[in-house]
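Close look at the chain arrangement
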Amino acid sequence: MVILSTLVRSFNGRSIVSASSRQLLGSYSVGNETGIRNESTGFNFEPSDESKHFIELSSKFTRDEIIPKAAYYDKTGEYPWEIVKKAHAIGLMNTFVPAKYGGPGLTLTDSLLMAEEIAYGCTGISTALGNNALAGAPLLLHGSEELKEKYLGWITSEPVQGAYCVTEPGTGSDVSGLKTKAIKDANGDWVINGQKMWITNSGVAKWYFVLTRTNPDPKAKISEAFTGFVVDRDTPGITVGRKEWNMGQRCSDTRGLSFENVKVPKENMVGPEGKGFIVAMSAFDFTRPAVASAAVGLARRCLDEASKYSLERKAFGQPIANYQAIQFKLADMMIGVETAKLAYLKAAWLHDRGEKNTLMASIAKCLAADVANRSASEAVQVFGGAGFNSEYPVEKLMRDAKILQIYEGTGEIQRMVIAREHIARMQKNGP
Ligand SMILES: Cc1cc2nc3c(=O)[nH]c(=O)nc-3n(C[C@H](O)[C@H](O)[C@H](O)COP(=O)(O)OP(=O)(O)OC[C@H]3O[C@@H](n4cnc5c(N)ncnc54)[C@H](O)[C@@H]3O)c2cc1C
């Protein structure tokens, strides 16, 4: 099997040749006898050769390793360790980690194109495979060099999982309501007490990013009240709860965690004291487009399954694909897939150019999650009675899709972010 790092190296080695051949092509292709102008408009919908190879690598892995086993993991809820280990071995995990810390250092665009392929096979498995981006983003963006080397180096050198611990039993959307506390001791180290809830990969992770309240003043500004830490799983005082049996994405591990007098060295603080809210939220500019890419993968699967079935299934003497009512469902799914893909690619493109992408990340996440849910519901409808049955693939797709509108900020929260960003721009720049 091809290993991702070999591909990255071979493409990096070829980039000089590509640049000179692009120059030659450039001088040739401005206008031609047909009158069609070929010069760049500044937009480009063609993935690079390198991206195409990454897509193919992920797509092959999905066909060979994920699709044949997705139903088994869904039925048993077993954690897909076998797939995690294989994906790690060929470099399909942690693609966001720079080469300095042992990762392939791919662009967000390439990482998401790959994530879409994997999610096409199963979003439960893709959540398990991709969650390190959520756990690792606060470290990558705000952690000390030592923390990055230790924890990002750990996940790239071994199939090790981290987890992102923000939500609590009493609050999810309203992060300002967090109750988990960290108090500084006489040595300047910290002691954490509190509970977290619905934490992906928490039963299998070796370390946690944990957001805590460090300013006890209830009137403290949210931007100054919280601090993030990396906490090793084997620190005394941590209790991991039972696996939650969720509606969908059942092989993804979700649990509660409790922290009782958990001591954390001061070196494990991520970003400055008091700035944890910004540290934790900044991960979303990175990971909401990733949820969007997974949603597009799921919606594409719905379109493919529904299209195939509608060509095979006959009613009133002909394939149901001949009926306009069915064709319009397929057309709407396709509109959703194409437009949601453009949205996540723009969010990733902004990020890769170093521009702020908060608005586009929320637009992409919100749109793609809604598209995935509509597509899954319509795919079930196209399958008729068989759509409601667990022996057919679309029932699982509908269950799996729902969480895409909830985790990493609900659809309502995305719309709040979009409206806030839009109004702020209007106030600053006018219409
Ligand atoms: C399978 C799964 C995996 C998860 N993984 C993680 C993880 O790894 N790490 C982590 O930290 N969290 C995780 N979560 C938690 C998830 O992010 C939260 O469930 C989500 O943010 C919603 O929070 P809540 O459940 O507390 O709902 P609430 O915040 O109580 O919201 C309930 C409802 O009210 C709406 N609502 C809330 N406030 C407003 C408002 N101001 N205006 C309009 N509507 C509003 C919400 O949109 C929602 O519809 C996970 C959850 C699940 C189910």
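Since the model is a prediction, treat every value here as computed from it, not as a measurement. (Residues numbered from 1 in each chain as written. Predicted model: local features only at pLDDT ≥ 70, side-chain atom pairs only at ≥ 80, totals over all residues.)

Take the pairing of strand β3 (residues 190-200) next. Of all 11 residues that make up β3, 8 are buried, and the element is covered over most of its length. Hairpin connection between strand β2 (residues 181-184) and β3: a loop of 5 residues separates the two successive antiparallel strands, and G188 in this loop has a positive phi of roughly 90°. Sheet topology note: the β3/strand β7 (residues 254-264) ladder contains 8 bridges and is antiparallel. Each residue of the ladder has a partner; that of I192, found in β7, is V262. (Buried ≥ 20, exposed ≤ 12 C-beta atoms within 10 Å, placed from the backbone. Helix = DSSP H or I, 4+ residues; strand = E, 2+ residues; numbered from the N terminus. Pairing = 2+ DSSP bridges.)

A word on the domain arrangement of the protein. We note that the domain assignment places domain 1 (4-8 + 47-157), domain 2 (162-277) and domain 3 (283-429) within the protein. The C-alpha-based centres of domain 1 and domain 3 are spaced at 21 Å. At the junction of the two partners, domain 1 supplies 19 residues and domain 3 supplies 20 residues. Every element with two or more residues in the side of domain 1 that touches domain 3 is listed here: α5 (108-121), α6 (123-130) and α7 (132-142). A class-by-class count of the residues in the side of domain 1 that touches domain 3 yields 10 nonpolar, 6 polar and 3 charged. (Domains from an automatic or database assignment. Contact = placed C-beta atoms within 7 Å. Nonpolar A, V, L, I, M, F, W, Y, C, P; charged D, E, K, R; others polar.)

Another aspect to go through is the UniProt feature "domain: Acyl-CoA oxidase/dehydrogenase middle" (unreviewed entry) in the protein. Sites flagged by UniProt as "domain: Acyl-CoA oxidase/dehydrogenase middle" (unreviewed entry) map to residues 163-262. For the annotated span residues 163-262, helix accounts for 4% and strand for 44% of the residues, and the straight-line distance between the end C-alpha atoms is 17 Å. (UniProt positions renumbered as here; feature names shortened; annotations may be inferred.)

The subject of this paragraph is the site of the ligand. Around the ligand sit 21 residues in total, of which T167, G172, S173, T410 and E412 are the nearest. Where the shell around the ligand is concerned, the elements lending two or more residues are β1 (162-165), β3 and α14 (411-429). Broken down by class, the residue content of the shell around the ligand amounts to 10 nonpolar, 9 polar and 2 charged. Two domains each put at least three residues into the shell around the ligand: domain 2 (162-277) and domain 3 (283-429). (Near = placed C-beta within 6 Å.)

Turning our eyes to something else, we now look at unusual backbone geometry. Phi at N201 takes a positive value of approximately 65°, unusual for a residue other than glycine. Within the element layout of this structure, N201 appears in the loop between β3 and β4 (207-213). Backbone geometry at E408 places phi at a positive 60°, although glycine is not the residue there. Inspection of the secondary structure assignment puts E408 in the loop between α13 (393-402) and α14.

An ideal rise of 1.5 Å per residue puts 20 Å on 14 residues; α5 measures up with 20 Å between its terminal C-alpha atoms. Burial within α5 is extensive, with 14 of its 14 residues counted as buried. (Expected span 1.5 Å × (residues − 1).)

Attention now goes to the environment of L397. When you line up the elements, L397 lands in helix α13. Considered as a pair, L397 and D110 are 287 residues apart in the sequence and their alpha carbons are 24 Å apart. Excluding its chain neighbours within four sequence positions, the residues that come into contact with L397 are L298, R301, C302, A376 and A379.

Moving on, we come to the pairing of β2. Both faces of the sheet carry side chains from a regular strand, because those side chains alternate between them. With 4 bridges connecting them, β2 and β3 associate as antiparallel partners. Within β3, the position partnered with K181 by the bridge is N193.

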